[in-house]
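Observations on the three-dimensional arrangement
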Amino acid sequence: MKTTYGFILLFLFSLTSYSQSDCPDAIIVCGDASYRGLNATGIGVQELDFSNPCHSVEHNSLWLKILIKDGGTLGFVLTPDSPDMVVDFDFWIFGPDVACDSIGQAVRCSTTNPLQSGGPNNLTGMNDIEPDIAEGPGTHGNSFINWMTVQDDETYYLIIDRPVGSSDFSLHWTGTATFHDLPFFNNPDDIPLDMSQCDQDGVDDHSTAFDITAYANMFIGSQNDVLLTYHASSNDMTTGDNPLSNPESYPNAANPGIAYLRMTNTITGCFETLTFGLNITSDIVAGEPGNLAQCDTNGNGLQVFDLSQNDDEIKNGDNGTVVTYYRTQQNAIDKVEAIGPLYQNNVAYAEETIWGRLENSTGCFGHDLKSFTIKVIPLPTFNNQDGLLPRITKCDDDLIDDNSAEFDLTVFEPMFTGSQTDILFTYHTTD
Ligand SMILES: [Ca+2]
Ligand SMILES: [Ca+2]
Ligand SMILES: [Ca+2]
Ligand SMILES: [Ca+2]
């Protein structure tokens, strides 16, 4: 019996844009893989007819191509994810060594319906106990048939179909036969595969060319008859379609981007996939600018600010950089309509946000943005609604008859302040 382990190909079979419901697209069964999360949806082209021994056709089908490496017994247990007895999976096996356009008669099949046949559960498959090699449809059979004895290097097709119910399923192989080995991506020292470099190709777009073939020799190692291909999407990686023509110079499509690799055994068709990240680095980190404020010395709420007062704060000690200023974050990102360094605020007394952009003066592209505010502060005024000269009078009541007494000079502060905030009074004996 084969060892079962959690070889997960979930990502491979959850692709809606690629369906293995036709013989030519069959998933090639390799390695010691048991499959989980398999999905059968749709039939593609109807490739079965009722002439097969189990009298059914494709409803929601998945085709697997089985390449035997070492002959022996071959069985499996198919377990629907949902235990609902309505969920019914059927299967057929064609072969050995038939072509997709002339698969002939099934050598094994089961179209028993678990609910109609009163089965204990909705599992189905092939084992060493059952004597029959074909059963169904509907009430006929018990969902399990006799397993097969297969020979070295034979090829079979297994078609799994879900006529009723809705569920994914898992497949657990049994028996002594083995499948061809999966190629594998060697990484003996377990080096990190993600690539990082700065954007210095002349276009500041967080993208630059990566050589995603850099690990090819390490990945292949001593394996023979394997082909590495590089792809722009997960789907193409899975199907092997649209290999990149120039993977030595592949610009990342996003930042971070992904390199999609596929290693295929050119004799068996067994393949393995791998992805790693492509990152554009930016060492630019701006410091924190301060907010700028000026007093309204000319009474109109407008003042000219020297934005370059924040240059040093934004450069934060990095002298190989330049700072430019913008009225909006988008302008700063797009690097358009720079303002300053002398800039008059736009709306009197209103707080305005300015964006500083820091970037290298030479070398790698990259930038960082920081914002600060500018504001013109009105001069404080002495409120005196009645317009009377403020005056404090009191009698000399301190028991010393000298026409001198203690005055509280602060009594008018609330009136002088009015609605103004952050007001500080000081008192002086001369102008
Ligand atoms: Ca089909
Ligand atoms: Ca069935
Ligand atoms: Ca049976
Ligand atoms: Ca670029």
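The residue count restarts for each chain, going from 1 along the sequence in the order it is written. In the order they appear in the text, chains get letters beginning with A and ligands get numbers beginning with 1. This being a predicted model, a pLDDT of at least 70 is required before a residue's local features are given, and a value of 80 or more before pairs of side-chain atoms are given or counted; all residues contribute to the totals for chains, interfaces and linings. Here the side-chain values reflect all heavy atoms present in the structure, with hydrogen atoms and water set aside.

Turning our attention to the coordination of the calcium ion (ligand 3). The donor set covers N, O and S atoms within 2.8 Å of the metal, switching to 3.2 Å for Na, K and Ca, and it leaves out water, so a site may look short of donors. Taken together, the protein ligands of the calcium ion (ligand 3) are Glu130 (OE), Asp132 (OD), Asp132 (OD), Glu135 (OE), Asn142 (OD1) and Phe144 (O), with distances of 2.3 to 2.8 Å. Geometry is assigned from the angles between donors: four donors with all angles from 85 to 135 degrees make a tetrahedral site, four or six donors whose opposite pairs exceed 155 degrees while the rest stay between 65 and 115 make square planar or octahedral sites respectively, and everything else is labelled irregular. Considering all six donor atoms around the calcium ion (ligand 3), angles at the metal cover 50 to 163° and the coordination shape is irregular. Each donor residue of the calcium ion (ligand 3) lies on the same chain, and together they follow the pattern E-x1-D-x2-E-x6-N-x1-F. Here the two residues Glu135 and Phe144 agree in accessibility, since each one is buried. Burial classes follow relative accessibility: with a 1.4 Å probe on protein chains only, a residue under 20% of its type's maximum area counts as buried, one over 50% as exposed, and anything between as partly exposed.

Before going further, it helps to spend a moment on the environment of Glu154. Along the chain, Glu154 turns up in the loop between strand 10 (148-150) and strand 11 (155-164). Classification of Glu154 by relative accessible area gives buried; the value is 12%. Considering only alpha carbons, one finds Glu154 and Pro96, 58 residues apart in sequence, at a separation of 5.8 Å. Two residues qualify as a contact provided that any one of their heavy atoms is within 4.5 Å of a heavy atom in the partner residue. If near-sequence neighbours (up to four positions away) are discounted, Glu154 is found in contact with Ile66, Leu67, Ile68, Pro96 and Asp97. Side-chain polar atoms of Glu154 contact the backbone nitrogen of Gln151, separated by 2.9 Å. By definition, any uninterrupted DSSP run of H or I lasting at least four residues is a helix, any uninterrupted run of E lasting at least two residues is a strand, and each is numbered from the N terminus. Under this definition, polar contacts are N or O atom pairs within 3.5 Å; protein pairs additionally need one hydrogen-donor-capable and one acceptor-capable atom, and for neighbouring residues in sequence, both atoms have to be side-chain atoms.

Note on ring pairs: Phe, Tyr and Trp rings are taken, using the six-membered ring of Trp, and paired if centres are within 6.5 Å. Classes follow the plane angle, with under 30 degrees stacked, over 60 edge-to-face and the rest tilted. Applying the stated criterion across every chain yields a total of 13 aromatic pairs. With a centroid separation of 4.9 Å and an interplanar angle of 70°, the aromatic rings of Phe76 and Phe91 are classed as edge-to-face. Taken together, the residues span a long stretch of sequence, with Phe76 in strand 4 (residues 72-80) and Phe91 in strand 5 (residues 88-94) at a distance of 15 residues. Summarising the burial analysis for this pair, Phe76 and Phe91 share the class buried. Measuring from ring centre to ring centre gives 4.9 Å for Phe89 and Phe169, while their planes differ by 55°; the resulting arrangement is tilted. Taken together, the residues Phe89 in strand 5 and Phe169 in strand 12 (residues 169-174) connect sequence positions 80 residues apart. In textbook terms, an aromatic cluster arises when at least three aromatic residues are bridged by ring pairs, as seen for Phe76, Phe91, Trp173 and Phe179. For Arg262, the ring lying beneath its charged end belongs to Phe271, and the centroid distance is 3.8 Å. In this analysis the charged atom, NZ for Lys or CZ for Arg, is taken to sit over a ring once it is within 6 Å of the ring centre and within 35 degrees of the ring normal. When the ring centre of Phe407 is taken as reference, the NZ or CZ atom of Lys394 above it lies at 5.9 Å.

As a further point, take a nonpolar patch on the surface. What makes a patch is a set of residues exposed beyond 30% relative accessible area and free of salt bridges, joined within 9 Å when like-charged and within 5 Å when nonpolar (Val, Leu, Ile, Met, Phe, Trp, Tyr). For the area figures, the Shrake-Rupley method with a 1.4 Å probe applies, and any residue is considered shielded solely by the protein chains shown. The rule for a salt bridge is simple: a side-chain nitrogen of Lys or Arg has to be within 4 Å of a carboxyl oxygen of Asp or Glu. On the surface, a nonpolar cluster with roughly 440 Å² of combined accessible area is contributed by Ile392, Phe407, Leu409, Val411 and Tyr427. Tracing the backbone shows Phe407 in the loop between strand 24 (367-377) and helix 6 (413-417).

Around the calcium ion (ligand 4), the protein contributes the donor atoms Asp199 (OD), Asp199 (OD), Asp201 (OD), Asp201 (OD), Val203 (O), Asp205 (OD) and Ser207 (O), at 2.2 to 2.8 Å from the metal centre. You can call Asp201 partly exposed: its relative accessible area is 42%. For Ser207, a relative accessible area of 13% corresponds to the buried category.

Next up on the list: unusual backbone geometry. Cis geometry marks the peptide bond from Gly95 to Pro96; its omega dihedral reads 0°. Mapped onto the elements of the fold, Pro96 is located in the loop between strand 5 and strand 6 (108-112). In this structure, His55 is a non-glycine residue whose phi angle is positive, near 55°. Note on His55: relative accessible area 43%, which makes it partly exposed. Even without a glycine there, the phi angle at Asp422 is positive, about 60°. Here Asp422 lies in the segment after helix 6.

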